[in-house]
Amino acid sequence: MSRVRSKDTKPEMRVRRLVHGMGYRYRLHAKELPGRPDLVFRPRRKVIFVHGCFWHRHDGCRRATTPNTRTSYWEDKFRKNVARDRRNLLDLAELGWDAIVVWECETRDLERLAPQLARFLDGNARSD
C-alpha cells in the first residue's frame, strides 16, 4: 500500500486539466482544510475531492470490490475511510465551504463531468 498515491493520481490529473481548461484557477491540497481537498477554490469557498472508487467505496460501482484475503481487515479499513470522508465533508460545511466528490469512474467521461463541475463552481448549491 505504500505505493498507492494520495496526490497527483490519474483521475485527479484528469479533473485538474478539465477544470483548468474551463478557465477556473485553483490551489492544491490545502493542509488547513479538513481532508486536504484535491482542488481548492478559495474565493468561491468551494472544494473538489477526487475519490478512488476502490478506496472510498463508491456505491454501486464495479470498482468498489473487497479483496478475498484478509476480508475483515479490508472491511474495517474501508469503513474507516468512508467515516473519515463523511466527517471531512461535515467539517467543511461547518466552516462554510461547499464540497463536491468526483469519483474515479466519473473521470472517464469528461464531457459529462464538465457541466456538473461548472454548475457546482458557478452556482450556490452544494453537491456532496
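Everything discussed here concerns the structure shown above.
The paragraphs below set out a description of the structure included in this document. It should be emphasised that the depicted structure is a prediction, and the values quoted were computed from it without experimental measurement.

Reading the values: the criteria
Numbering of residues starts from 1 in each chain and follows the order in which that chain's sequence is written. Given that this is a predicted model, residues contribute local features only at a pLDDT of at least 70 and side-chain atom pairs are listed and counted only at 80 or more, while totals for whole chains, interfaces and linings are drawn from all residues. Hydrogen atoms and water are omitted, and side-chain values are computed over all heavy atoms in the structure. Here the nonpolar core consists of buried residues drawn from Ala, Val, Leu, Ile, Met, Phe, Trp, Tyr and Cys, with membership extended through side-chain atoms lying within 4.5 Å. Burial classes follow relative accessibility: with a 1.4 Å probe on protein chains only, a residue under 20% of its type's maximum area counts as buried, one over 50% as exposed, and anything between as partly exposed. Secondary structure elements follow DSSP: runs of H or I no shorter than four residues count as helices, runs of E no shorter than two count as strands, and numbering proceeds from the N terminus. Any two residues whose heavy atoms approach within 4.5 Å are treated as being in contact. The span you would expect from a helix comes to 1.5 Å times its residue count less one. The directions from the helix axis to the C-beta atoms are what the arc is built from. Only one rule defines a salt bridge in this text: a Lys or Arg side-chain nitrogen within 4 Å of an Asp or Glu carboxyl oxygen.

1. Re the nonpolar core
Point 1. Of all hydrophobic cores here, the largest spans 16 residues; its most connected members are V15, V19, L39, F41, I48 and L117.
Point 2. Elements supplying a minimum of two residues to this core: α1 (10–21), β2 (39–41), β3 (46–51), β4 (98–103) and α4 (110–122).
Point 3. Among the elements that make up this core, the one with the highest residue count is α4 (5 residues).
Point 4. Ignoring any residue separated from it by four or fewer positions in sequence, one finds V19 in contact with Y24, Y26, L39, F41, I48, L117 and L121.
Point 5. With 13 residues, the next largest nonpolar core counts V40, C53, C61 and V101 among its residues.

2. Considering α4
Point 1. Between its first and last C-alpha atoms α4 spans 18 Å; for 13 residues at 1.5 Å apiece the expected length is 18 Å, and the two agree.
Point 2. For α4, the set of buried residues is L113, A114, L117, F120 and L121. Viewed end-on, α4 has its buried residues packed into an arc of 135°, placing them on one side of the element. Summarising the geometry of α4, the exposed residues directed more than 90 degrees from the buried face are E111, R112, R119 and D122.
Point 3. Of the surrounding secondary structure, the elements contacted by the buried residues of α4 are α1, β2, β3 and β4.

3. Re the pattern of salt bridges
Point 1. Under the definition given, this model contains 6 salt bridges.
Point 2. Close ionic contact of E12 with R16 constitutes a salt bridge, the shortest N to O distance being 2.9 Å. Pair noted here: E12 and R16 are both in helix α1, with a separation of 4 residues, about one helical turn.
Point 3. With relative accessibility at 13%, the residue R16 sits in the buried group.
Point 4. In this structure, the salt-bridge partner of E32 is R42, at a minimum N-O distance of 2.7 Å. Residue E32 is found in the loop between β1 (27–28) and β2, and its partner R42 is found in the loop between β2 and β3; the two are separated by 10 residues along the sequence.
Point 5. Exposure remark for R42: the relative accessible area of 38% places this residue in the partly exposed category.
Point 6. Through salt bridges with shared partners, one network takes in D76, R79 and K80.

4. A short note on unusual backbone geometry
Point 1. Backbone geometry at R36 places phi at a positive 45°, although glycine is not the residue there.
Point 2. By secondary structure assignment, the location of R36 is in the loop between β1 and β2.
Point 3. R36 gets classed as partly exposed once you look at its relative accessible area, which sits at 41%.
Point 4. For R70, which is not glycine, the phi torsion reads 50° and is therefore positive.
Point 5. Relative to the elements of secondary structure, R70 occurs in the loop between α2 (53–56) and α3 (71–94).

In short, geometric facts, not functional conclusions.
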